[in-house]
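# Chain and residue survey
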Amino acid sequence: MKQRIQEVDLISAEEKEACELPRITEDKNTGRSRKLYIESYGCQMNFSDSEIVMSIMLENGFDTTSKPEEADVIFLNTCSIRDNAEQKVRFRLKHFNGIKRRRPGLMVGVLGCMAERLKTKLLEEEKIVDMVVGPDAYRSLPSLIREVDDGHKAVNVFLSKEETYADISPVRLTGDGLTAYISIMRGCDNMCSFCVVPFTRGRERSRDAKTIVQEAIDLFQNGYREVTLLGQNVDSYKWESEDQTEKVNFAQLMEMVALVHPDLRIRFSTSHPKDITDEVLYTMAKYENICNYIHLPAQSGNNRILDRMARNYTREFYLEKIKAIKRIVGEDCGISTDLIIGFCGETEEEHQDTIALMAEVVYDYAYMFAYSERPGTPAAKKYADDVPEEVKSRRLSEIITLHRETALIKNKASVGKTMKVLIDGVSKKSDEFLRGRCSNNAVVLFPRKNYQKGQYVMVRVTDCNTATLFGETVEN
Ligand code: SAH
Ligand code: SF4
Ligand code: F3S
């Protein structure tokens, strides 16, 4: 528990709200007889999947509710990335047990990565569960619901080599009408040794580029001003038309989306250091509406650990990529990372290499995790999870403390600069202030005046703390 609190500790109230993902459904009442409640855990891709699930369910006779007590069907779209992600879901299932005792007709489905990892075992372990559905099987939800209606338990955990849900229009759950996720690919072929994703999401496949661009056009026409292109490894996006006359890589896809409209901002996640190309960086530099921000997970700063993690790059290679980003995209490009401490066999000196890497790169943001062994992964098979919990906890605290210092250095460097900001709402702390994001993903607060959500404004940064910038608008 302590560890989890530390992981989120760094985020300010503003940032928390800004990155708070849609956990639950909004109410939609059109008089249909059954109501769905859905809760999502894990990464942005899972949230994007919940939008697909919602679309399928609305097409198939459901309304939605924000109150689980009122639901006929409860879905938990789950994550398996670390043990605590799964524990959260089990805790929620216990809570829903109370509702089911009062209303035995309630149907409970576990969707997503935990469903895929545990398959039918989940039905044995959690008696409350009626339905287990993996991430590639959402088209079968209506028939699975019918099976449960007929008194059976229903399971579909088939992983597809083709499914991208390209033809399904997601029901947007971000709720702000301004920012949206677009899944551009599914699965992952990388097999980093610590990671469960290749097992829960299957083989990598890229979605038809034309459907991605069309989705971006539709979003822009409906008032959206920012899209985030999502994939576990966006740099290996590769789509080919059936007759093989058209081929699109990630840099080209990004360009196609950037051309939709100069007022549509583009972000993307996640880049893999071994795959990000200079072509991608030059495309970022060419288009003002592609945000100057790259999430480039390092995982560790030590070569022996990186090798054990099967990340396929060295510390030196990673640092060269950082240099290339600064050279091509610009010194002010925001860079964030994911770091795992306490991986199998990590010595104190090796941990110090991660600390030194952080000091060298000076990240704008870091997501920091203690290694959590996942059953069946290459690391679980090959190496002992031998760093004691208290050592993991101490190492995690150390990198969190360092990150807090570097984030402040980064924010201070923005003071005095004028940034283009997309206004995404009112400040949590005061109605008198608006909140927006800079291209480099920093959150900035400034006096409201007559500005509106969805507008771009130029803001001169006057002050900052670790997590937030403060400024004033300047007329251009
Ligand atoms: N595709 C992305 C990461 C997806 S998972 C990438 O390649 O970077 C998000 C993050 O969770 C990872 O970057 C890693 O830092 C962390 N993570 C994954 N498996 C983990 C594990 N077993 N224990 C702790 N952290 C883990
Ligand atoms: Fe996991 Fe590695 Fe794939 Fe990321 S690239 S999802 S860490 S296997
Ligand atoms: Fe979790 Fe699955 Fe995403 S394991 S991090 S929800 S791909």
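Residue numbers restart at each chain and count upward from 1, following the sequence in its written direction. Both sets of labels track the order of writing: A upward for chains, 1 upward for ligands. Local features in this predicted model are restricted to residues whose pLDDT is 70 or higher, and side-chain atom pairs enter the listing and the counts only when it is 80 or higher, whereas totals over whole chains, interfaces and linings include all residues. Processing note: side-chain calculations cover all non-hydrogen atoms of the structure and skip hydrogens and water entirely.

## Observations regarding the overall build of the protein
Helix and strand labels come from DSSP, where a helix needs a run of H or I of at least four residues and a strand needs a run of E of at least two; each type is numbered from the N terminus. Assigned secondary structure in the protein consists of 16 helices and 21 strands. Here the globule rule reads 2.2 Å times residues to the power 0.38, and the radius of gyration is calculated from C-alpha atoms. Taken over the C-alpha trace, the protein has a radius of gyration of 22 Å; the compact-globule value for 476 residues is 23 Å, and the two agree within 12%. In the protein, which comprises 476 residues, the proportion classed as buried is 57%. Accessible areas in this description were obtained via Shrake-Rupley with a 1.4 Å probe; residue shielding takes into account the shown protein chains only. As displayed, the protein offers around 20300 Å² of accessible surface, 49% of which is attributable to carbon and sulfur atoms. Under this rule, positive means Lys or Arg and negative means Asp or Glu; His and the chain ends count for nothing. Every charge is mapped onto a representative atom, which is NZ of Lys, CZ of Arg, CG of Asp or CD of Glu. Placing the 67 positive and 74 negative side-chain charges of the protein at their respective mean positions leaves the two points 2 Å apart. Working definition: with a 1.4 Å probe on protein chains only, accessible area under 20% of the residue-type maximum means buried, over 50% means exposed, and in between means partly exposed.

## Here we look at the site of ligand 3
The immediate surroundings of ligand 3 are formed by Cys43, Asn46, Cys79, Ser80, Ile81, Cys113, Val197, Arg201 and Gln232. Throughout, the ten residues Ala, Val, Leu, Ile, Met, Phe, Trp, Tyr, Cys and Pro are labelled nonpolar, Asp, Glu, Lys and Arg are labelled charged, and all others, Gly among them, are labelled polar. For the shell around ligand 3, the residue count by class is five nonpolar, three polar and one charged. As annotated, the domain borders come from an automatic or database domain assignment. Residue assignment places the shell around ligand 3 across two domains, with domain 1 (21-156) and domain 2 (179-412) each supplying three or more. Here, proximity means that at least one heavy atom of the residue falls within 4 Å of the molecule or strand.

## So, the pairing of strand β3 (residues 73-78)
Buried residues dominate β3, accounting for six of its six residues. Of the two faces of β3, the one holding Val73, Phe75 and Asn77 and the one holding Ile74, Leu76 and Thr78 are both buried throughout. Read as a crossover between parallel neighbours, the route from β3 over helix α4 (residues 83-102) to strand β4 (residues 107-112) is right-handed. The crossover handedness rule: strands pointing away from the viewer, path from first strand over the helix to second strand clockwise, crossover right-handed.

## Looking at the side chain of Thr270
One can find Thr270 in the loop between β13 (265-269) and α11 (278-286). Residue class for Thr270 comes out buried when judged on its relative accessible area of 16%. Residue contacts are counted whenever heavy atoms from the two residues lie within 4.5 Å of one another. With residues near it in sequence (within four places) discarded, Thr270 still touches Gly231, Gln232, Asn233, Val234, Asp235, His295 and Pro297.

## Observations regarding helix α10 (residues 250-258)
Owing to its 3.6 residues per turn, the α-helix brings residues three or four apart onto one side. Those residues of α10 lying buried are Phe250, Ala251, Leu253, Met254, Val257 and Ala258. Summarising the axial view, the buried residues of α10 lie within an arc of 160°, below the 170-degree limit, and thus occupy one face. Residues of α10 that are buried make contact with α9 (209-221), β10 (226-230), β12 (247-249), β13 and α11. Counting of polar contacts relies on pairs of N or O atoms within 3.5 Å, with two restrictions inside protein: one atom must be capable of donating a hydrogen and the other of accepting it, and residues adjacent in sequence are counted only when both atoms are side-chain atoms. Looking at where α10 begins, the residue whose side-chain oxygen comes 3.2 Å from the main-chain nitrogen of Ala251 is Asn249. The arc under discussion is defined with respect to the helix axis, by the directions toward the C-beta atoms.

## Examining unusual backbone geometry
Following Ser269, the chain continues into Thr270 via a peptide bond in cis, with omega recorded as 5°. In this model, Gln244 sits at a positive phi of 60°, which is unusual for a non-glycine residue. Structurally, Gln244 is set in the loop between β11 (238-240) and β12. The exposed category is assigned to Gln244, whose relative accessible area is 54%.

## Description of the nonpolar core
What we call a nonpolar core is a set of buried Ala, Val, Leu, Ile, Met, Phe, Trp, Tyr and Cys residues that are connected through their side-chain atoms within 4.5 Å. Counting residues in each nonpolar core, the largest one holds 60 residues, and the members touching the most others are Ile184, Leu229, Tyr237 and Phe250. For Phe250, the contacting residues outside a window of four places in its chain are Ile184, Leu229, Val234, Asp235, Tyr237, Phe268 and Val280. In this structure, Met54, Met57, Phe62 and Met107 belong to the second largest nonpolar core, which totals 25 residues.

## Some thoughts on the environment of Asp385
One can find Asp385 in the loop between α15 (378-382) and α16 (389-412). Expressed as a C-alpha distance, the spacing of Asp385 and Leu422, which sit 37 residues apart in the sequence, is 44 Å. Among residues more than four places away in sequence, those in contact with Asp385 are Cys344, Tyr371, Glu373 and Lys392. At a separation of 2.9 Å, a polar atom in the side chain of Asp385 contacts the side chain of Lys392.

## Description of the domain arrangement of the protein
The domains assigned to the protein are domain 1 (21-156), domain 2 (179-412) and domain 3 (418-474). When each unit is reduced to the centre of its C-alpha atoms, the spacing between domain 1 and domain 2 is 29 Å. Of the roughly 1700 Å² buried at the junction of domain 1 and domain 2 (both faces included), carbon and sulfur atoms supply 50%. Definition used for salt bridges: Asp or Glu carboxyl oxygen within 4 Å of a side-chain nitrogen of Lys or Arg. Where domain 1 touches domain 2, the interface holds five salt bridges. Here Glu86 makes a salt bridge to Arg374, at a shortest N to O gap of 3.2 Å. At the junction of domain 1 with domain 2, the criterion picks out ten residue pairs in polar contact (both at pLDDT 80 or more). Simply put, the buried area is the total loss of 1.4 Å probe accessible area from both parts when two parts are fitted together.

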